Amino acid sequence: MNLTKLSWSNLKAKPLNTFLSLLLLTLGVALVSMLLILNKQLDEQFKRNISGIDMVVGAKGSPLQLILSSVYHIDNPTGNIPLEEAEALLKNPIIKQGIPLAYGDSYKGYRIVGTNKEYAEHYNVVLKEGKLWMHEYEVTAGAVVAKNLGLKIGDRFHSAHGLVENAPAHDHADYKVVGIFEHSNSVIDQLLLTDVTSVWAIHDHPEDEKKVEDKEHSHSEHEGHDHSEDEKMAEDKEHSHSEHEGHDHSEDEKMVEDKEHSHSEHEGHDHSEEEHDHFEHEDSNTTINPSTKTNTLVPNAKNSEGKQITAMLVKFKSKMGVMTVPRMVNENTSMQAAVPAIEVNRLFTLMGVGMDTLRAIAFFIILISGISVFVSLFNSLKERKYEMALMRSMGASRTKLFLLVLMEGLILSILGFVLGMLISRLGLYFLSGLMESSYHYGLEAWQFLPQEGALFVATICIGIVAAILPALQAFNMNISKTLANA
Amino acid sequence: MLKTSSLQFAYDAHNRFQFPDIEAAQSEHLLIIGDSGKGKTTFLHLIAGLLRPTSGKVEVGNTDITQLSTKQLDRFRGKHIGIVFQKSHFVASLNVKDNLLLAQYLAAESQDLNRIKHLLERLNLVSKLNNKTSELSQGEQQRVAIARALLNRPDVILADEPTAALDDTNCFEVIELLKEQALEAKASLVIVTHDQRLKEVFGGGIVSL
């Protein structure tokens, strides 16, 4: 017999009270911990994939959409830009490197991205087996794609047009898997990389000019696709259209705002950004062959005239580029430039409101659970007053009774925390599966955050605070009176 | 052994009590009898150190317990005084065995299951070891309470109306049991009661309040 055992027996003797307190505690803890992990991992995922990309150039439209589509590969692209114009921009001396991205096709829901080798180098991915793509229709698969689709070197597949699953397939050409990347925790894991020329070729079969082809394409799309898809695309087009024309003014204003934003940010975080730059430098100098800047985005192209790409990822030589080049691009070219850091910040500010609300609710639940612990301890103590006096008569000190009641609050809060963590982890595990199947982004469920240590301390404190008043009551009880009035 | 001298207690200006001096040597039995409102329970609580007197002394062994601090008093009570209450209250969430183990734990004695079994055997209760106390009959509960009072080999056993809730048969049995066990433990036994039945059967000294 000891205090812990006695507290535990007392809790077990009131299963409903204990259940209610535990339920609330568990819920609150689970919610807070899930939010903490979600927030951190989303943040990490987004920041990791941004790293080093200072600017994205693509077709005019929503800058956030451009970033989401070309950096994170989760939204539809805004459209295409002429390769020549992108290459012309590349001549700007402040630009260190430009990486082309060409979309169009997917395979079983995974995007096929036409790019060059610098894209793989940028994310520091290592080949697990095979080699990088060399020729048209050769594909190097990201780790997750290869695993989920069971791709092996030498496999051939037909791509499907568009970025959605079950889209009509191009049957005239085969992609061939020539390599598979090691897991890198970056977007590459979720992509099939090929040469830009593959993407051109697959949409180019009648040896036509790309522009004409594109028009035909959108035509045939209308005929060939199912209805809902068509509607969506039409909507998309309308959307980008109206945004283009109708909201031109406000968009401009917004961009000016954005620029101001980037300005202040630049001043504010000068130091860290500089460090970042430094790091980048080292990285590209040591681990990857120093990429001497080329003004050709698509080295394999025999004839780049009239060709298009979807977007270009740009790195600047100095961070000063962020302040001038995006404005220049937006004002003087038919393309749009977006700065990932700004757009992601904006996205997180938007999401932050929701996160904050949820967190407030979660903390509120924890608070309520604290009150529930208090009420149930207080009530049970009223019933057990005589027991307490009895224990005093058997030699228990006042401190012992105080600790006994405190222990009950403590056991509840520790149990609540443990159960909450368990549920949060299980929840994240399932959520991760869900996200992986719909966005191809996974979560790392089985990790612990320092903030969860703080959450533990907070939960314990709530248990103690809830128990302290009943415990003091036990401490100050008049034993003679309690025994006499029994 | 137990000795009180000029013990007084006041709840307030109108509720004053003055108690006769009593003395019970080792293995001696004392019956304190009085009607309601005479301060029987108050007297017992003073002797047990559950209440502090306004003036006077309570000596258990060689210790004047009125001089002890609250903490010392709790400790002293656990080791040297066994109390049997009118209604045999237990910690409801624990079974018979754990209630008895608790008594040893709270008195800071080593937890000795063998002694508990031995005692319960003497009281014919060993089969109830793992029962909840609420599952026992009144008489059984009172016997477990006696076992608990005896458990830590106290110098003094105090009983507050131990027979009030019992029928004649049980009443006499309980008194015999208390006397027998107190003798065996070489403890002084003080019973406080209004139960006139006890006058006839009690073999020791009788004090009227």
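Cut-off values and rules
- Residues numbered from 1 in each chain as written.
- Chains lettered and ligands numbered in written order.
- Predicted model: local features only at pLDDT ≥ 70, side-chain atom pairs only at ≥ 80, totals over all residues.
- Heavy atoms only, no water.
- Salt bridge = Lys/Arg side-chain N within 4 Å of Asp/Glu carboxyl O.
- Helix = DSSP H or I, 4+ residues; strand = E, 2+ residues; numbered from the N terminus.
- Buried < 20%, exposed > 50% of the residue type's maximum accessible area, 1.4 Å probe, protein only.
- Patch = residues over 30% accessible without salt bridge, like charges linked within 9 Å, V, L, I, M, F, W, Y side chains within 5 Å.
- Areas by Shrake-Rupley, 256 points an atom, 1.4 Å probe, with all protein chains shown as cover.
- Core = buried A, V, L, I, M, F, W, Y, C linked by side-chain atoms within 4.5 Å.
- Contact = heavy atoms within 4.5 Å.
- Arc of directions from axis to C-beta.
- Expected span 1.5 Å × (residues − 1).
- Bend = angle between axes of the 7 residues up to and from the residue.
- Buried area = accessible area lost by both parts, 1.4 Å probe.
- Nonpolar A, V, L, I, M, F, W, Y, C, P; charged D, E, K, R; others polar.
- Pairing = 2+ DSSP bridges.
- Axes fitted to C-alpha atoms, helices over the stretch in contact; angles between N-to-C directions.
- pLDDT = per-residue confidence, 0-100.
- Parallel < 35°, antiparallel > 145°, perpendicular 65-115°, else oblique.
- Left-handed = near helix turned anticlockwise from the far one by under 90°.

A. Layout of the pattern of salt bridges. Residues and elements named next belong to chain B. Under the defined criterion, the tally for this structure stands at 16 salt bridges over all chains. A salt bridge links lysine 40 to glutamate 161, with the nearest nitrogen and oxygen atoms 3.8 Å apart. With lysine 40 in helix α1 (residues 40-48) and glutamate 161 in the loop between β8 (156-160) and α6 (168-185), this pair connects stretches of sequence that are 121 residues apart. Exposure class is identical for lysine 40 and glutamate 161. Each is buried. Ionic pairing is found between aspartate 195 and arginine 197, a salt bridge with its closest N-O pair at 2.8 Å. Accessibility expressed as a relative area gives 22% for arginine 197, which makes it partly exposed.

B. Main features of a nonpolar patch on the surface. All names here are of chain A. A cluster of nonpolar residues, Phe364, Leu367, Ile368, Ile371 and Val375, forms a patch on the protein surface that exposes about 450 Å² of accessible area. Mapped onto the fold, leucine 367 is located in helix α13 (residues 340-383). In this structure leucine 367 comes out as partly exposed when scored by relative accessible area, which is 47%.

C. Main features of the nonpolar core. Among the nonpolar cores identified, the biggest contains 101 residues, and Met388 and Met391 of chain A together with Leu102, Leu178 and Ile191 of chain B are the most heavily contacted of them. The contact partners of isoleucine 191 of chain B, leaving out residues within four places of it in the chain, are Leu30, Leu31, Ile32, Ala159, Pro162, Ile175, Leu178, Leu198 and Phe202 of chain B. With 49 residues, the next largest nonpolar core counts Val32, Tyr123, Val187 and Leu443 of chain A among its residues.

D. Looking closely at helix α4 (residues 83-90) of chain A. Looking only at α4 of chain A, the buried set comprises Leu83, Ala86, Glu87, Leu89 and Leu90 of chain A. Buried residues of α4 of chain A, viewed axially, fall in a sector of 155°; they line one side.

E. Structural view of helix α16 (residues 450-475) of chain A. Residue and element names in this part refer to chain A. For α16, spanning 26 residues, the distance from its first C-alpha to its last is 36 Å, which sits close to the expected 38 Å at 1.5 Å a residue. Its axis deflected by about 40° at isoleucine 468, α16 carries its strongest bend there, up to four residues before the proline proline 470. For α16, the full list of buried residues reads Glu452, Leu455, Thr459, Ile460, Gly463, Ala466, Ala467, Pro470, Ala471 and Ala474.

F. Looking closely at the interface of chain B and chain A. The partner chain A presents 26 residues to the 28 residues of chain B that form the contact. Across the chain B/chain A interface, buried area totals approximately 2400 Å², and carbon plus sulfur atoms make up 63% of it. The largest contributions to the chain B side of the interface with chain A come from Asp74, Tyr105 and Leu106 of chain B, which together make up 25% of the buried area. Inspection of the region where chain B meets chain A yields two salt bridges. Every element with two or more residues in the side of chain B that touches chain A is listed here: α1, α2 (70-80) and α3 (96-106) of chain B. Each residue belonging to the side of chain B that touches chain A can be placed in one class, and the counts come to 14 nonpolar, seven polar and seven charged.

G. Geometry of the sheet that holds β8 of chain B. Residues and elements named next belong to chain B. One open sheet holds the five strands; their spatial order is β7-β8-β9-β4-β10, and the pairing between them is parallel. The sheet is open, and its two edges are formed by β7 (81-84) and β10 (205-208), each paired on a single side. For this sheet, the mean angle separating the axes of adjacent strands, direction not counted, is 15°. In this structure, β8 lies alongside strand β9 (residues 188-193), joined through five bridges in parallel fashion. Paired with leucine 158 across the two strands is valine 190, which belongs to β9. Contacting β4 (29-33), β7, β8 and β9, α6 crosses the sheet at an angle of about 155° to β9.

H. Region of the structure containing the confidence of the model for chain B. Mean pLDDT over chain B works out to 88, with 100% of the residues at or above the 70 mark. Here the predicted complex carries an ipTM of 0.90, next to a pTM of 0.70.

I. Local environment of the packing of α3 of chain B against helix α5 (residues 138-150) of chain B. Residue and element names in this part refer to chain B. Close contact between α3 and α5 brings their axes to 9 Å; oriented N to C, the two are set at 25°. The angle between the axes of α3 and α5 places the two elements in the roughly parallel class. Read as a crossing pair, α3 and α5 show a hand that is right-handed. Two secondary-structure elements touch here, α3 through Val96, Asn99, Leu100 and Ala103 and α5 through Val144, Ala147 and Arg148. Class assignment of the residues belonging to the contact of α3 with α5 gives a composition of five nonpolar, one polar and one charged.

J. Representation of unusual backbone geometry in the model. Even without glycine at this site, tyrosine 137 of chain A takes up a positive phi of about 70°. With respect to the helices and strands, the residue tyrosine 137 of chain A is situated in the loop between β5 (127-130) and β6 (138-141). According to the relative accessible area criterion, tyrosine 137 of chain A is buried, its value standing at 19%. The backbone phi angle of serine 6 of chain B is positive, close to 35°, even though this residue is not glycine. Following the sequence through the fold, serine 6 of chain B ends up in strand β1 (residues 2-10). Exposure remark for serine 6 of chain B: the relative accessible area of 46% places this residue in the partly exposed category.

K. Representation of the environment of isoleucine 116 of chain B in the model. Residue and element names in this part refer to chain B. Mapped onto the fold, isoleucine 116 is located in helix α4 (residues 113-122). For the pair formed by isoleucine 116 and phenylalanine 85, sequence separation is 31 residues and the distance between their alpha carbons is 19 Å. Discounting chain neighbours no more than four positions away, the residues touching isoleucine 116 are Lys97, Leu100, Leu101, Gln104, Leu129 and Leu151.

L. Local environment of the pairing of strand β9 (residues 175-181) of chain A. Residues and elements named next belong to chain A. Taken across its seven residues, β9 has six buried, putting it largely inside the fold. In the sheet, β5 pairs with β9 via three bridges, with the strands oriented antiparallel. Paired with glycine 130 across the strands is glycine 179, a residue of β9. Note: β6 against β9, four bridges, orientation parallel. Bridge pairing in β9 places alanine 141 opposite isoleucine 180. Where strand β7 (residues 156-157) lies against β9, two bridges are found, and the strand directions are antiparallel. From the neighbouring strand, phenylalanine 157 faces β9, where its bridge partner is tyrosine 175.

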